Amino acid sequence: MNKTRVFIAGHNGMVGSAIVRKLAKEPDVELILKDRKELDLLDYKAVNEFIKKERPDQIYLAAAKVGGIVANNTYPADFIYQNLMIEANIIHAAHINDVQKLLFLGSSCIYPKLAAQPIKEDELLQGTLESTNEPYAIAKIAGIKLCESYNRQYERDYRSVMPTNLYGPNDNFHSENSHVIPGLMKRFHQAKLDNAPTVTVWGSGNVMREFLHVDDMAAASIYVMNLERNVWLENTEPMLSHINVGTGIDCTIKELAQAIAQTTGYEGRIEFDSTKPDGTPRKLLCVERLSKLGWNYQTELQNGLQDTYAWFKANQKSIRD
């Protein structure tokens, strides 16, 4: 039996590792995996030679430099440069070596700060981006347009999916550079151990966010990658081809903090520091396009938080700070 050879760029990251876990169960799939020590994705020559040698049938482009508000504000040049180079190197090398199928994983931060809610795909480039992560967002927009451009000029089948805020096993729990769920989970866990009377959360607590478990994101990515091409083309446009991936449900950061406190068993007081930035007031994705294509999320937030906390406790020794 001929197996489908699949290269997952960024297989050690949260999304990449979730895709690996799912595809590893498929008997007709052969995974091609290289970590950053073996393959520098910022080096086009190395990337091109690797793809030329391995000849993958499919590429999942899950590799990226990622981080929360603090990291994006502190390292804007790193975020735009590294993400632009990673996606440009892989997409162009895929084309040069006649790889027909590729899936680019973006981010919901591509949309304007004040986009109409819930955010439809056609909100792209319709307004000003959130300033705290604009460099990262610009790089992700460029990735979408790279895929669309190679499709239009060379008839490639390069697709893009835009996830909402993700969380789950293998998330980044760094004290300063993490996203909201792992950051809060680590702090509430430590506060419980220390019997701390209060935990202070950045911002007003009133902004709203949508969260998707990473296993659902992996399932959606595989689903979109393997849609028949005519189905994909019938449900997208040549210059508006990306698809949102989310739950279609959001909550306030205050509600999230309360849910994480419950998950970790922290019983102290939760305070909010409104002098710290909130970011975008609301960011809820419209997921009608993906739902129409036959995919919907499976993991409810409370269940996902419990799963993530169990993973965090089991892997504390290996988590870098």
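Bear in mind that the values here come from a model prediction, so they are computed numbers and not experimental data.

Undergrad: I'm lost on the overall build of the chain in this one. Help?
TA: A count of helical and extended segments in the chain gives 11 helices and 12 strands. Against the globule reference of 20 Å for 321 residues, the chain gives a C-alpha radius of gyration of 19 Å, in line with a compact fold. The C-alpha extent of the chain, read off along each of the three principal axes, is 60 × 40 × 40 Å. Across the 321 residues that make up the chain, the buried fraction comes to 51%. By sequence separation, contacts in the chain at least 24 residues apart represent 83% of the contacts at least 6 residues apart. Within the structure as shown, the chain displays about 15100 Å² of accessible surface, and the carbon and sulfur contribution to it stands at 47%. Within the chain, one finds 36 positive and 40 negative side-chain charges whose respective centroids are separated by 3 Å.

Undergrad: In this structure, what is going on with the pairing of strand β3 (residues 58-61)? I would like to understand it.
TA: Successive side chains on a regular strand alternate, one facing one side of the sheet and the next facing the other. Residues Gln58 and Tyr60 point to one face of β3 and Ile59 and Leu61 to the other, with burial holding for every one of them. Examined bridge by bridge, strand β1 (residues 4-9) and β3 share 4 bridges and lie parallel to one another. Within β3, the position partnered with Ile8 by the bridge is Tyr60. Pairing of β3 with strand β4 (residues 101-105) involves 4 bridges; the strand directions are parallel.

Undergrad: Could you clarify how one ought to interpret empty space enclosed by the protein in this entry?
TA: Remark: the empty space left among the atoms is shown by a probe the size of a water molecule rolled over them. A complete count under the given rule lists 1 cavity of 30 Å³ or more for this structure. Taken as a whole, the largest cavity spans an internal volume of roughly 60 Å³. If you trace the largest cavity, you find 13 residues lining it, with Tyr111, Pro112, Lys113, Thr280 and Lys283 closest to the centre. In terms of residue class, the lining of the largest cavity is made up of 5 nonpolar, 4 polar and 4 charged.

Undergrad: How do you make sense of the environment of Ala9 when you look at a structure like this?
TA: Within the fold, Ala9 resides in strand β1. Classification of Ala9 by relative accessible area gives buried; the value is 1%. Separated by 95 residues in the primary sequence, Ala9 and Phe104 have C-alpha atoms spaced 10.0 Å apart. Ignoring sequence-local partners within four residues, the contact set of Ala9 consists of Leu41, Tyr60, Leu61, Ala62, Ala63 and Ile90.

Undergrad: I keep staring at helix α2 (residues 44-54) and nothing clicks. Help me out?
TA: Each α-helix winds once per 3.6 residues, and so residues spaced three or four apart point in a common direction. For α2, every residue scored as buried is listed here: Val47, Asn48, Phe50, Ile51 and Glu54. Along the long axis of α2, the arc covered by the buried residues comes to 165 degrees, so they all point the same way. In α2, the exposed positions angled more than 90 degrees off the buried face are occupied by Lys45, Lys52 and Lys53. Buried residues in α2 make contact with β1, β2 (29-32), β3 and α4 (76-96). Its side-chain oxygen placed 3.1 Å from the backbone nitrogen of Lys45, Asp43 serves as the N-cap of α2. Just downstream of α2 lies Arg55, where phi reads positive at about 50 degrees.

Undergrad: Explain the pairing of strand β5 (residues 157-163) to me, please; I cannot follow it from the model alone.
TA: Among the 7 residues that make up β5, 7 are buried, leaving the element largely enclosed by the rest of the structure. Alternating positions in β5 separate into two faces, Asp157, Arg159, Val161 and Pro163 on one and Tyr158, Ser160 and Met162 on the other, with burial throughout. The pairing of β4 with β5 spans 5 bridges and is parallel. The residue bridging Phe104 from the neighbouring strand is Ser160, located in β5. Once the chain exits β4 it traverses helix α5 (residues 134-154) before rejoining the sheet at β5, and the crossover so formed is right-handed. Bridge count between β5 and strand β9 (residues 243-245): 3 bridges; the pairing is parallel.

About the criteria used
- Residues numbered from 1 in each chain as written.
- Predicted model: local features only at pLDDT ≥ 70, side-chain atom pairs only at ≥ 80, totals over all residues.
- Heavy atoms only, no water.
- Helix = DSSP H or I, 4+ residues; strand = E, 2+ residues; numbered from the N terminus.
- Rg over C-alpha atoms; globule rule 2.2 N^0.38 Å.
- Buried < 20%, exposed > 50% of the residue type's maximum accessible area, 1.4 Å probe, protein only.
- Contact = heavy atoms within 4.5 Å.
- Areas by Shrake-Rupley, 256 points an atom, 1.4 Å probe, with all protein chains shown as cover.
- Lys, Arg positive; Asp, Glu negative; His and termini not counted.
- Charge placed at Lys NZ, Arg CZ, Asp CG, Glu CD.
- Pairing = 2+ DSSP bridges.
- 1 Å grid on protein atoms, 1.4 Å probe; cavity = no way out; pocket = protein on both sides within 12 Å on 5 of 7 lines; lining within 4 Å.
- Points joined across faces, edges and corners; volume = space filled by probe spheres on them.
- Nonpolar A, V, L, I, M, F, W, Y, C, P; charged D, E, K, R; others polar.
- Arc of directions from axis to C-beta.
- Polar contact = N/O pair within 3.5 Å; in protein donor to acceptor, adjacent residues only side chain to side chain.
- Right-handed = clockwise from strand over helix to strand, strands pointing away.

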